[in-house]
Amino acid sequence: MDRRKKDGIANFFIYASAGITVFLLVFIILFIVIKGLPGITIDFLTRNYEDKTTYVNIQLNKGEGGIGEDGYLPVLGAYITVNEQKGIALTKIDKDSPVKEAVDGLGEVYALKNKDTLTKIEDTAIDSYEKVKDSMTQEEYLKNIAEIFSEYAGQSVKIKVVRPGGGIVPMVVTTFYMIVLSLLIAAPVSILAAIYLNEYAVKGKLLNIIHFAIKNLAGIPSIIYGLFGSLFFVQILKMQYSLLSGAMTISIILLPTIITTTEETLKTIPNTYRESSLGLGATKLQTITKVILPSAVPGILVAVLLSVGRIVGESAALLLTAGTVAQIPKALFGNSASGATLTIKAYTLMKEENDLTTACAIGIILLIIIIGINISSKLITKKLLQKKGA
Amino acid sequence: MSLQKKCKFQVNDLNLFYGNFQALKNINMDIHENEITAFIGPSGCGKSTFLKTINRMNDLIDGVIIEGTIKMDGVDIYSDIDVIKLRKKVGMVFQQPNPFPMSIYDNVAYGPRVHGIKKKAQLDEIVEESLKRAAVWDEVKDRLKKNALSVSGGQQQRVCIARALAVEPDVILMDEPTSALDPISTMKIEDLALELKNKYTIIIVTHNMQQASRISDRTAFFLTGDMIEYGETEQIFNNPKEKKTEDYITGRFG
Ligand SMILES: Nc1ncnc2c1ncn2[C@@H]1O[C@H](COP(=O)(O)OP(=O)(O)O)[C@@H](O)[C@H]1O
Ligand SMILES: [Mg+2]
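Residues numbered from 1 in each chain as written. Chains lettered and ligands numbered in written order. Predicted model: local features only at pLDDT ≥ 70, side-chain atom pairs only at ≥ 80, totals over all residues. Heavy atoms only, no water.

## Focus on the overall build of chain A
Right, so step 1: Looking only at helices and strands, chain A has 13 helices and eight strands in total.
Right, so step 2: Taking 2.2 N^0.38 as the reference for a compact globule, 390 residues should give roughly 21 Å; the C-alpha atoms of chain A span a radius of gyration of 29 Å, well beyond that estimate.
Right, so step 3: Taken over the C-alpha atoms alone, chain A extends approximately 90 × 65 × 50 Å along its principal axes.
Right, so step 4: Counting only residues that meet the buried cut, chain A has 43% of its 390 residues in that class.
Right, so step 5: Look at the contacts in chain A between residues 6 or more apart in sequence, and 71% of them connect residues 24 or more apart.
Right, so step 6: Of the charged side chains in chain A, 38 are positive and 32 negative, and the gap between their average positions amounts to 18 Å. (Helix = DSSP H or I, 4+ residues; strand = E, 2+ residues; numbered from the N terminus. Rg over C-alpha atoms; globule rule 2.2 N^0.38 Å. Buried < 20%, exposed > 50% of the residue type's maximum accessible area, 1.4 Å probe, protein only. Contact = heavy atoms within 4.5 Å. Lys, Arg positive; Asp, Glu negative; His and termini not counted. Charge placed at Lys NZ, Arg CZ, Asp CG, Glu CD.)

## A short note on the pairing of strand β6 (residues 90-93) of chain B
Residue and element names in this part refer to chain B.
Right, so step 1: Covered by surrounding structure in β6 are Val90 and Met92 together with Gly91 and Val93, the residues of both alternating faces.
Right, so step 2: Pairing analysis gives four bridges linking β6 to strand β7 (residues 171-175), with the strands arranged parallel. Paired with Met92 across the strands is Leu173, a residue of β7. (Pairing = 2+ DSSP bridges.)

## As for the site of ligand 1
All names here are of chain B.
Right, so step 1: The immediate surroundings of ligand 1 are formed by Tyr18, Phe21, Ala23, Ser43, Gly44, Cys45, Gly46, Lys47, Ser48, Thr49 and Ile61.
Right, so step 2: Within the contact set of ligand 1, an oxygen atom lies 2.9 Å away from a backbone nitrogen or oxygen of Lys47.
Right, so step 3: Isolated, ligand 1 exposes 560 Å² of accessible area, and the fraction of that covered by the protein chains is 61%.
Right, so step 4: Take the shell around ligand 1: its biggest share by element is three residues, from helix α1 (residues 47-54). (Near = heavy atom within 4 Å. Polar contact = N/O pair within 3.5 Å; in protein donor to acceptor, adjacent residues only side chain to side chain. Areas by Shrake-Rupley, 256 points an atom, 1.4 Å probe, with all protein chains shown as cover.)

## A closer look at the environment of Thr287 of chain A
Right, so step 1: Relative to the helices and strands, Thr287 of chain A is located in helix α10 (residues 284-313).
Right, so step 2: Overall, Thr287 of chain A belongs to the buried group, its relative accessible area being 3%.
Right, so step 3: Along the backbone, Thr287 of chain A and Ala78 of chain A are 209 residues apart, and their C-alpha atoms lie at a distance of 68 Å.
Right, so step 4: In this structure, Thr287 of chain A is in contact with Arg274, Ser277, Leu278, Ala282 and Ile292 of chain A together with Tyr110 of chain B, ignoring residues within four places of it in sequence.
Right, so step 5: In this structure the side chain of Thr287 of chain A is engaged in a polar contact, spanning 2.8 Å, whose partner is the backbone oxygen of Thr283 of chain A.

## Concerning the pattern of salt bridges
Residue and element names in this part refer to chain B.
Right, so step 1: For the coordinates displayed, the defined rule picks out 23 salt bridges over all chains.
Right, so step 2: Here Arg133 and Glu129 are joined by a salt bridge, their closest N and O atoms 3.2 Å apart. Note that Arg133 and Glu129 are positioned in helix α4 (residues 120-133) at a spacing of four residues, about one turn of the helix.
Right, so step 3: For Glu129, a relative accessible area of 39% corresponds to the partly exposed category. (Salt bridge = Lys/Arg side-chain N within 4 Å of Asp/Glu carboxyl O.)

## Quick notes on the interface of chain A and chain B
Right, so step 1: Listed per partner, the contact involves 21 residues of chain A and 24 residues of chain B.
Right, so step 2: Summed over both sides, the interface between chain A and chain B buries roughly 1900 Å², with carbon and sulfur atoms accounting for 63% of that surface.
Right, so step 3: Among the residues of chain A in contact with chain B, Tyr273, Glu275 and Leu280 of chain A are the three that bury the most area, contributing 32% of the side total.
Right, so step 4: Inspection of the chain A/chain B interface yields zero salt bridges.
Right, so step 5: Seen at the junction of chain A and chain B, the total is six residue pairs in polar contact (both at pLDDT 80 or more).
Right, so step 6: Going through the elements one at a time, α9 (271-279), α10 and α13 (356-389) of chain A are the ones with two or more residues in the side of chain A that touches chain B.
Right, so step 7: Of the residues forming the side of chain A that touches chain B, the biggest block, seven residues, is contributed by α9 of chain A.
Right, so step 8: Classifying every residue of the side of chain A that touches chain B by side-chain character gives seven nonpolar, nine polar and five charged. (Buried area = accessible area lost by both parts, 1.4 Å probe. Nonpolar A, V, L, I, M, F, W, Y, C, P; charged D, E, K, R; others polar.)

## Brief notes about the nonpolar core
Right, so step 1: Among the nonpolar cores identified, the biggest contains 61 residues, and Met178 and Ile362 of chain A together with Tyr110 of chain B are the most heavily contacted of them.
Right, so step 2: At the level of elements, α5 (169-200), α6 (205-219), α8 (243-268), α10, α12 (342-353) and α13 of chain A together with α3 (104-114) of chain B are the ones that each hand at least two residues to this core.
Right, so step 3: Excluding residues within four positions of it along the chain, Met178 of chain A makes contact with Leu243, Gly246, Ala247, Ile250, Ile311, Leu318, Ala322 and Thr341 of chain A.
Right, so step 4: Listed in part, the 43 residues of the second largest apolar core include Ala134, Leu144, Ala162 and Ile249 of chain B. (Core = buried A, V, L, I, M, F, W, Y, C linked by side-chain atoms within 4.5 Å.)

## Some thoughts on the domain arrangement of chain A
Interface size is commonly expressed as the accessible surface area that is lost when the partners come together.
Right, so step 1: Assigned domains within chain A: domain 1 (55-163) and domain 2 (169-389).
Right, so step 2: Taking only C-alpha atoms into account, the centre of domain 1 of chain A sits 49 Å from that of domain 2 of chain A. (Domains from an automatic or database assignment.)

## Describing helix α7 (residues 222-236) of chain A
Residues and elements named next belong to chain A.
Right, so step 1: Here α7 spans 20 Å end to end across 15 residues, near enough to the 21 Å set by a 1.5 Å rise per residue.
Right, so step 2: At Gly229, α7 shows its maximal kink, close to 30 degrees.
Right, so step 3: Among the residues making up α7, those that are buried are Ser222, Tyr225, Gly226, Gly229, Ser230, Phe233 and Val234.
Right, so step 4: Elements in contact with the buried residues of α7: α6, α8 and α11 (316-319).
Right, so step 5: Where α7 terminates, the next one or two residues include Lys238, which has phi positive at roughly 60 degrees. (Expected span 1.5 Å × (residues − 1). Bend = angle between axes of the 7 residues up to and from the residue.)

## A short note on the pairing of strand β8 (residues 201-205) of chain B
Residues and elements named next belong to chain B.
Right, so step 1: Along β8, five of the five residues are buried, which leaves the element largely enclosed by surrounding structure.
Right, so step 2: Taking every second residue as pointing to the same face, both faces of β8 are buried, with Thr201, Ile203 and Val205 on one and Ile202 and Ile204 on the other.
Right, so step 3: With five bridges joining them, β7 and β8 adopt parallel strand pairing. Counted as the bridge partner of Asp175 is Val205 from β8.
Right, so step 4: Following the backbone out of β7, through helix α7 (residues 183-196) and into the adjacent parallel β8, one traces a crossover that is right-handed. (Right-handed = clockwise from strand over helix to strand, strands pointing away.)

Written out as structure tokens, the structure is:
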């Protein structure tokens, strides 16, 4: 074969491979976006995941009962409408509506919002319209309910309110907690370890063994760490499925990566910095804290940012240590400390509820986070390098 | 021509090994106070290695073995003085200008700060005084807060000299301090060295024989770890005793 032909074939494979990669990336992103976009609503972004039921006391307005044509209920100072599954839903609330001063069982203000559903007034349950739709129109149904309210005009009533969920707020918060906690544990440990390995450890067999161990730790699939975490943190240390069990497990996963990246960065710092500093009579510790670490900041920051990506994307290890409950963890460990991150929730939505739209909507959020991380790590590197070379 | 000056360093039977490799062989010499002593010799002959034994920079390298003694003002620097104290007294300037990636001010203030000086006024004074002594004050006085890497190479090197002067050393070691600089910057550094020797003892490694003959009082010629000849610069360059020295300075090798 002559050289031109060989070049041609090689070029073809190079371009074809690059093309396939780009195509796959675009295809996957488009798939996620098209499937998930309908799921991204204000409610999705701002609401709790589970419906929340609360009993509240409301001081109803005095005066006229009845209901307006448009569904306006004067004693509530709000518009109501039929809710599909149960009761009535608030659609528009007056500025001075008494529902804004609703008080829950603990005496805290629990201001009602649009879409909150009222299902019980004192002891009278509000049947769903579905149940009675054969015997009356929606207008009649709403009128009946308005009459119940009228009886209590001017009085304080106890109302059962269901606030619909369907949002990702708990998962966002859990993910955020997980990031902060994992980094708080992993970053200092790994940075100190990297400093030890690069600045203090004597080159030789022991150091080689440590490096070998770190390389291999980085290659272990995260499910193995998950199994270890679920046995050690969850069971033996009795932390249960919890934020802390998850964060500890993830920290172990992050150690090798942050150590390696930090070490690489420390290696790129010219030895003359160390020599000059020591030559001026600085101690080793002074040299490290005043010259070496400041110069290593860009590299360390990038390592930390990439770790954020890793935490956000982790599934197997967290499934086994932090659980799948869609709630904001209320403690670090123990039985109310469990919480699902966005990724875990996307997984359980597909696996257990077959809800592709919501899973993909979460996928979009994850994509945005990851792209954001990559862009900021680029910017940080660029900015700090510029500053250094200025 | 020279009045016999006080002896600053006495080097006795110095041998240095990097593992199995002997980089310095049985060096004996006296280095005099308030003089410029030049080390010359071809690449790899051990000039830098020897220079670094004087402020114990070789301590940082794994596997270095040092035999013999070096005394500074009669005190053995390897056994009778704390290494931090030694390095405070013996400053060093490197081949490549290597300011820290921080402002000019912070570079010069670095040494005093690590030795515990915190007062702003005192630091200001030290920084100004050091930069003036390093003959670079006028060029950088409006840019003290700028990154030291933003000034020219020659200025960076003088900032590095100022940084070394700021801890008030007695001795300044210079390892080919002008080899990365243009001729004008080189001249400025040479003038500076001549100025500084009134107050400090200067030991300079140089590749450039004209430089050695221009500025130094004494010259030592090294070859593969041996000190071949050591004497007054005039004598070494005009009337070398050793054949090897003559070959080297007349450019027959190296
Ligand atoms: N850290 C080291 N480890 C091993 N050998 C070294 C080390 N530093 C220098 N050498 C060797 O010691 C010899 C002298 O080096 P050096 O003092 O740098 O020479 P010069 O400064 O005269 O060019 C050279 O052969 C060099 O290869
Ligand atoms: Mg050298």
